[in-house]
Amino acid sequence: DRKSTSYEHLFKYIMVGDSAVGKSNLLLQFVDKRFAPNSDFTIGVEFGSRSININDKQIKLQIWDTAGQEKFRSITRAYYRGAVCAMIVYDITRRDSFESLNSWLTDCRKFSSCDVTTVLIGNKADLEANRQVSTSEAKEFAEKNGLMFFETSAKTALNVDEAFEKSTEQILKKL
Ligand code: GDP
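Residues numbered from 1 in each chain as written. Predicted model: local features only at pLDDT ≥ 70, side-chain atom pairs only at ≥ 80, totals over all residues. Heavy atoms only, no water.

Peer 1: Would you explain the overall build of the protein chain in this entry?
Peer 2: In terms of regular secondary structure, the protein chain is built from seven helices and six strands. For the protein chain, the C-alpha radius of gyration of 15 Å lies close to 16 Å, the compact-globule estimate for 175 residues. Dimensions of the protein chain, computed from the C-alpha atoms along their principal axes, are close to 45 × 35 × 30 Å. Within the span of the protein chain, comprising 175 residues, buried residues form 48% of the whole. Considering only contacts within the protein chain whose residues lie at least 6 apart along the sequence, 73% involve residues at least 24 apart. With the model as given, the accessible surface of the protein chain reaches about 9000 Å², and the carbon-plus-sulfur share is 47%. Charge centroids of the protein chain, computed over 25 positive and 24 negative side chains, lie 4 Å from each other. (Helix = DSSP H or I, 4+ residues; strand = E, 2+ residues; numbered from the N terminus. Rg over C-alpha atoms; globule rule 2.2 N^0.38 Å. Buried < 20%, exposed > 50% of the residue type's maximum accessible area, 1.4 Å probe, protein only. Contact = heavy atoms within 4.5 Å. Areas by Shrake-Rupley, 256 points an atom, 1.4 Å probe, with all protein chains shown as cover. Lys, Arg positive; Asp, Glu negative; His and termini not counted. Charge placed at Lys NZ, Arg CZ, Asp CG, Glu CD.)

Peer 1: Just checking my understanding: could you explain the packing of aromatic side chains for this structure?
Peer 2: The final tally for this structure, using the stated rule, is eight aromatic pairs. Arranged with centres 5.1 Å apart and planes meeting at 70°, the rings of Tyr90 and Phe98 form a pair that is edge-to-face. The same class applies to Tyr90 and to Phe98, which are both buried. Grouping aromatic residues by their ring pairs yields a cluster made of Phe47, Trp64, Tyr79, Tyr80 and Phe111. The positively charged end of Lys12 is found above the aromatic ring belonging to Trp64, 3.9 Å away from the centroid. (Phe/Tyr/Trp six-rings, centres within 6.5 Å; stacked < 30°, edge-to-face > 60°. Lys NZ or Arg CZ within 6 Å of the ring centre and 35° of its normal.)

Peer 1: Just to check I follow, could you spell out the pairing of strand β3 (residues 57-64) for this structure?
Peer 2: Sheet faces and side chains relate simply in a regular strand, where the side chains alternate between the two faces. In this sheet, β3 lies alongside strand β1 (residues 9-16) in parallel orientation, the contact comprising six bridges. Across the sheet, residue Ile14 finds its bridge partner in β3, namely Trp64. Relative to β3, strand β2 (residues 47-54) is paired through eight bridges, and the arrangement is antiparallel. Paired with Gly48 across the two strands is Ile63, which belongs to β3. (Pairing = 2+ DSSP bridges.)

Peer 1: Would you mind showing me how to read the nonpolar core here?
Peer 2: Nonpolar side chains tend to gather and get buried jointly when the protein is soluble and globular. Counting 49 residues, the largest nonpolar core has Tyr13, Leu61, Tyr80, Met87, Tyr90 and Phe164 as the members making the most contacts within it. In contact with Met87, other than residues within four places in its own chain, are Tyr13, Ile14, Met15, Val16, Val119, Ile121, Ala163, Phe164 and Ser167. (Core = buried A, V, L, I, M, F, W, Y, C linked by side-chain atoms within 4.5 Å.)

Peer 1: I would appreciate a short explanation of unusual backbone geometry in the present structure.
Peer 2: With the exception of glycine, most residues fall at negative phi, and the peptide bonds are largely trans. The residue Lys33 is not glycine, and still its phi comes out positive at about 50°. Mapped onto the elements of the fold, Lys33 is located in the loop between α2 (23-32) and β2. Phi at Ala157 takes a positive value of approximately 75°, unusual for a residue other than glycine. Inspection of the secondary structure puts Ala157 in the loop between β6 (148-151) and α7 (160-174).

Peer 1: Mind showing me how you'd approach the pattern of salt bridges here?
Peer 2: In a structure, side chains of opposite charge can pair up when their charged atoms sit close to one another. What the rule picks out here adds up to eight salt bridges. Measuring nitrogen to oxygen at the nearest pair gives 3.1 Å for the salt bridge that ties Arg34 to Asp32. Since its relative accessible area comes to 46%, Arg34 is described here as partly exposed. Take Asp32: its relative accessible area is 40%, and that puts it in the partly exposed class. Among the ionic pairs, Glu137 bridges to Arg95, the shortest N-O distance being 2.6 Å. Here Glu137 is found in helix α6 (residues 135-144), whereas its partner Arg95 is found in helix α4 (residues 95-99), with 42 residues between them in sequence. Under the relative-accessibility criterion, Glu137 is labelled partly exposed at 30%. Through salt bridges that share partners, Arg95, Glu99 and Glu137 make up one connected network. (Salt bridge = Lys/Arg side-chain N within 4 Å of Asp/Glu carboxyl O.)

Put into structure tokens, the structure is as follows:
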């Protein structure tokens, strides 16, 4: 079926952020509509793709996950190469993962091409009772650094499609 395999653009997305913030599960939810509880470091999803339709155009998103490399901060140039979008993920219930954002941003700026679309993702928004980072504080950080911003839940799928779709719209506008 040609229709399902043809697309107008192929966009490489990368996921960065501290380990266990939910990067693999965001990928799993977006690509497969699945959630893996207690997956910790074991899912080993390294790569996934899905086509979406934006303004009557088929766009194929190819999403790269760190496969645990973030534990060693060994994510380098090769991973960032060719990416048109970087999703920097933190966990709203873990203050430390928010405090790490500056170093992830520094890496993004160092290794990505200058016009990469960068999206801040506050994941685990379903765990409101354990929140350690307010929405307003994160929004302010995003504005200051020119990032798009979404609070998501890989568990409930809240805002997961939206984050990918809105960022793709943004990338299309830049073309
Ligand atoms: P990664 O290391 O950043 O890829 O994180 P994982 O996707 O492996 O997730 C780490 C842990 O957090 C796993 O136990 C997941 O089930 C859990 N998790 C991931 N996303 C969410 C979420 O949105 N809500 C909740 N409640 N748990 C999540």
